[in-house]
Amino acid sequence: MKKLRYLFLLGLALALVSGCQTKKLHEGRVITNFNKDWQFAKDLPDSDYALSTSGTTGFLPVTLPHTPRIEPLVVNDQWMGTAWYRKTFSVAPDSKDRKYFLYFEGAMQNADVYLNGKHIYRHEGGYLPFEIPISDELNYTGPNLLAVKLVNTDDSLVPPGKPLKALDFNRYGGIYRDVELISTYGLRITNPLSAKENASGGVFVVQDTVNRTQAKMTIKTQVVNQENEEKNFHVIQVLKDRKGKVVARLRSKTLSLEPGKTLDIVQQMNVQKPELWSPEYPYQYSLETRVLRGNKLEDNFSQKIGLRSVVLKSDGIYINGVQTFLNGTNRHQEYPYVGYALSDEAQWRDAVKIKDAGFNMVRLSHYPQSEAFMDACDSLGIVTMDAIPGWQFMGNEIFKKHVLKDVREMIRRDRNRASVFFWELSLNETWMQPSFMDSILAVKNEEFPTKKPIACAWIDYPGYDLFIPARQHAHPPNYWINYKDGKRPVFIAEYGDWEYYAQNAGFNQTQFKGLKPEDRSSRQPRNAGEERLLQQELNFQEAANSNEKGRYKGTVGQANWLMFDYNRGYTDDIETSGISDIFRLPKFSYYFYQSQRDASEPVTAPAKGGPMVYIASYWTKNSEKDVKVLSNCEEVELFLNEKSLGKQKPDHGRFSNELKHPPFTFHIDKFTPGTLKAVGYINNKAAAKYSVSTPGKPFALILKIDKSGIPLSNKHKDVVFIYAKVVDAQGTVCPYDSSLVQFSVKGNARLAGENPFRAQAGIASIVLQTEPTKKPIVISATSKGLKQATIELKEGK
């Protein structure tokens, strides 16, 4: 896992690399963060920029993760082309006994890597990592020049393959994830990404049997000897609980390995009365793997693992023996303006928001997402459906080979993760020949030779375990509720958008005939007004209620479309069916899903759970008189200006009769300005409350920093949203205000995005990019006629 990929012995002195942030240890493996001190240029004249540090005209200093261009809010002409990244670094002259590797977590899309002018590697595809051995090309007595030529243009040979102008998402360029420099001794644990086919490499943990009495695991460690002589060694496995207590320990016999050879060491580990991982209780152990020669640590690898039993049956998913219906969402990984170039902390903040919204599952549409986001899902208890890159496109035989490569590499990256229950090993909404699906499944079987995972496809095809259609792939009124054609259970992978938008268009996203009227669509921007936001909420509610009719009768879960609004290549607008907007601000639908989580369900911090109540109204003179209240409480009492309007049980109708927690509807005869207050009751005791007041005239701005419980990084570049709320004199947000807000910043940070920015539904948003600093960052917001706001931000808090 990203944060605990290797065991570090901190405080011991061996500095191997200069000019970058290095974690030091005396022996074993060293990982150096390689994100700083890069030079970047794009759209340069044809030339070889890998050969010399001279001629830097057009190059600018940057820090990774990086996007080639700050895009507009609505991306209708995304930058595509060729970019160059260059970095100079040195290694210790006395470290020739070490082996060096570069690890790129994600670079879009086709990368040619050069070291000291020599081409050393080519990688095709932008969503999965790659590792490069560089020892033979290093200069140990002077500086080294690393250069990456990165081409992000339409490429029908590389998944997803579809031209950007026809693609339902954007493929933002750049080295948009982390880069690391890794050094080891020659006797080392292999990287699974570098292993040959049918030899998975690294440390592979197979959970053979897991229950509350005992967990039995098979741990396979692949070791290679790149020294010039035979080596004797042994392998130690140490499993620790959250408090660092050793709960299991293994030591192999003494082994011998000749130069240039690899060896798979298979060990059996038993854990008595294990703590089990589940969405409600995502307990993780730390598994440390050490390769020792005598008392010398040659290599080490540490990862978090969650012990759990996942069994798919016709009537549901059984997690640790408990029948579970998964309630999920879909996520695209983009931010406004900066595209894919998110910090690890930003990835975590997205995961926290997903958990906060009441979901216990997320489908990673339609590509593998960052290791930091996966770490967050492991830690927060969010089940994931890992997806290979693809959307409505099938290419030639070269394209197919790349698909098979993606299947293998995605499995090797994520195979030990607790959160990955499902492997979406099909190209989304793409017809695939049976022989090609057989080839995909053959790779899956090679990578999981013993215990098989749950393989998913949007086509109901033998060999796959789970059928994952979108709701719109069937027809009303039953959709997939009574589906009996296949022999596989159903997980509804998308619902709530297309069936309310353009049912008659089928798969053709660019065919707009038969569109639903705008006020009936789920595609509603957050500033669309109360009526349309209520319609979006009702669409999701109706669809979820319909899906729930199949619960435990063949339907094992559902994922709405989707969590966050996003840009697309094929049209010049933002896709707004998200339950939060592109700035991560919630719409009414967000609170519908939050209400579907039981008030008693445990939630791991920094995510929040418990009893909740929310009034889906702005309470203005134009508001609906039938006020909808969303809650997971047993009863709700509504007050207007402190006068009780009554206490009610949940609604019971055709749009709510299958829901765990139906909404509450209160009829108010006439509008009276003031404050609506809802109080939720459980066991006749007040458990939650929420108030909304009639907004007055805009008076002031209030600034908020969206940290979602994840402090701003004080170690590396971070990215965070800043919100300026337009409020009246009592502090109530003015939901129909569209004032023009000007942002400014002082300190080691910069703003990204449209500035000034016109408020949407009373809130103006912008992206803040920060660098490590000991001094506070001060953000200010001003707007004509409004009291200005200032907020101070300290990193690490």
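Residues numbered from 1 in each chain as written. Predicted model: local features only at pLDDT ≥ 70, side-chain atom pairs only at ≥ 80, totals over all residues. Heavy atoms only, no water.

What follows concerns the pattern of salt bridges. According to the stated counting rule, one finds 40 salt bridges in the structure shown. Of the charged contacts, one joins Glu446 and Arg408 as a salt bridge, the two residues approaching to 3.0 Å between their closest N and O atoms. Here the residue Glu446 occupies a position in helix α4 (residues 434–447), and Arg408 occupies one in helix α3 (residues 397–414), the gap between them amounting to 38 residues. Across the salt bridge formed by Glu635 and Lys649, the nearest N and O atoms sit 3.8 Å from each other. Here Lys649 lies in the loop between β38 (643–648) and β39 (664–667) and Glu635 lies in strand β37 (residues 635–640), a separation of 14 residues in the sequence. When salt bridges that share partners are traced, they join Asp375, Asp378, Arg413, Asp414 and Arg417 into one network. (Salt bridge = Lys/Arg side-chain N within 4 Å of Asp/Glu carboxyl O. Helix = DSSP H or I, 4+ residues; strand = E, 2+ residues; numbered from the N terminus.)

Okay, the sheet that holds β39 next. Judged by pairing direction, the sheet is antiparallel, and its 3 strands sit side by side in the order β35-β36-β39 without closing on themselves. The open sheet terminates on both sides in strands that have one partner only, identified here as β35 (613–615) and β39. Neighbour-to-neighbour, the strand axes of this sheet turn through a mean angle of 25°, independent of strand direction. Of the strands in this sheet, β35 and β36 (626–631) are in contact with helix α7 (residues 588–595), which crosses β36 at around 50°. (Pairing = 2+ DSSP bridges. Axes fitted to C-alpha atoms, helices over the stretch in contact; angles between N-to-C directions. Contact = heavy atoms within 4.5 Å.)

A few words on the sheet that holds β38. Taken in spatial order, the 4 strands make up an open sheet running β38-β37-β40-β41, and their pairing is antiparallel. Of all the strands in the sheet, just β38 and β41 (685–693) have a single pairing partner and so form its edges. Strand after strand, the sheet turns through a mean of 20° between neighbouring axes, direction not considered.

According to the stated counting rule, one finds 40 aromatic pairs in the structure shown. Summarising the aromatic geometry, the rings of Phe34 and Phe89 are spaced 5.1 Å apart at their centres and angled 75° between planes, so their arrangement reads as edge-to-face. One end of the pair, Phe34, is in the loop between β3 (30–33) and β4 (38–42); the other, Phe89, is in strand β6 (residues 81–91), with 55 residues separating them in the sequence. For the pair Phe34 and Phe89, one class covers both residues: buried. By the ring-pair criterion, three or more aromatic residues cluster together here, those being Phe588, Tyr590, Tyr591, Tyr614, Tyr618, Tyr690 and Tyr736. Note that Lys296 overlies the ring of Tyr185, its terminal NZ or CZ placed 4.0 Å from the centroid. (Phe/Tyr/Trp six-rings, centres within 6.5 Å; stacked < 30°, edge-to-face > 60°. Buried < 20%, exposed > 50% of the residue type's maximum accessible area, 1.4 Å probe, protein only. Lys NZ or Arg CZ within 6 Å of the ring centre and 35° of its normal.)

Okay, the packing of α3 against α4 next. Direction vectors running N to C along α3 and α4 enclose 30°, while the axes themselves pass 10 Å from each other. In terms of orientation, α3 lies roughly parallel with respect to α4. When you trace α3 past α4, the crossing you get is right-handed. In this structure, α3 contributes Lys400, Val403, Leu404, Val407, Arg408, Ile411 and Arg412 to the contact, and α4 contributes Phe436, Ser439, Ile440, Val443, Lys444, Glu446 and Glu447. Broken down by class, the residue content of the contact of α3 with α4 amounts to 7 nonpolar, 1 polar and 6 charged. (Parallel < 35°, antiparallel > 145°, perpendicular 65-115°, else oblique. Left-handed = near helix turned anticlockwise from the far one by under 90°. Nonpolar A, V, L, I, M, F, W, Y, C, P; charged D, E, K, R; others polar.)

Bringing helix α2 (residues 371–380) into the picture now. Counting buried positions over the 10 residues of α2 gives 10, a clear majority of the element. As for α2, its buried residues are in contact with β7 (98–104), α1 (344–356), β26 (361–363), β27 (383–387), α3 and β28 (420–424). In the stretch just after α2, Gly381 is the one whose phi turns positive, near 85°.

By size, the foremost hydrophobic cluster in this structure holds 71 residues, and its most contacted members are Leu425, Met432, Ile440, Tyr464, Met563 and Ile579. For this core, the element with the highest residue contribution is α2, accounting for 6 residues. What Leu425 contacts, discounting residues up to four positions off in sequence, is Ile388, Val407, Met410, Ile440, Lys444, Ala455, Cys456 and Tyr464. Membership of the second largest hydrophobic core comes to 38 residues, among which are Val338, Leu712, Phe721 and Ala752. (Core = buried A, V, L, I, M, F, W, Y, C linked by side-chain atoms within 4.5 Å.)

Of note, Gln237 is situated in strand β16 (residues 231–240). At 3.0 Å, the side chain of Gln237 forms a polar contact with the side chain of Thr221. (Polar contact = N/O pair within 3.5 Å; in protein donor to acceptor, adjacent residues only side chain to side chain.)

This part is about the environment of Lys670. By the element assignment, Lys670 lies in the loop between β39 and β40 (675–682). Residue Lys670 is classed as exposed on the basis of its relative accessible area of 59%. Through-space distance from the C-alpha of Lys670 to that of Lys621 is 9.1 Å; in sequence the pair is 49 residues apart.

Between its first and last C-alpha atoms helix α6 (residues 530–548) spans 27 Å; for 19 residues at 1.5 Å apiece the expected length is 27 Å, and the two agree. Where burial is concerned, most of α6 is hidden: 14 out of the 19 residues are buried. (Expected span 1.5 Å × (residues − 1).)

Okay, the state of the cysteines next. Going through the model one piece at a time under the given rule, you end up with 0 disulfides. Lacking any disulfide linkage, Cys456 is separated from the closest cysteine sulfur, that of Cys377, by 16 Å. Residue Cys456 is classed as buried on the basis of its relative accessible area of 0%. (Disulfide = S-S within 2.5 Å.)

Let us now look at the environment of Arg212. In this structure, Arg212 sits in the loop between β14 (203–210) and β15 (214–225). The exposed category is assigned to Arg212, whose relative accessible area is 55%. Counting along the chain gives 477 residues from Arg212 to Lys689, while the straight-line C-alpha distance between them is 38 Å. Excluding residues within four positions of it along the chain, Arg212 makes contact with Lys273, Pro274, Leu276 and Asn320.

Per-residue confidence for the protein gives a mean pLDDT of 92; residues scoring 70 or more make up 93%. Here residues 3–15 is a poorly scored stretch, pLDDT under 50, and it has 37 contacts once near neighbours within four places are set aside; other chains count. Counted against residues more than four places away or in other chains, residues 19–26, with its pLDDT under 50, gives 30 contacts. (pLDDT = per-residue confidence, 0-100.)

On to the packing of α1 against α2. Viewed as axis vectors pointing N to C, α1 and α2 meet at an angle of 40°, and their least axial separation amounts to 8 Å. For the element pair α1 / α2, the angle class is oblique. When you trace α1 past α2, the crossing you get is right-handed. Contacts from Asp344, Gln347, Trp348, Asp350, Ala351, Val352, Ile354 and Lys355 in α1 reach Ala372, Phe373, Asp375, Ala376, Ser379 and Leu380 in α2. Grouping the constituent residues of the contact of α1 with α2 by class yields 8 nonpolar, 2 polar and 4 charged.

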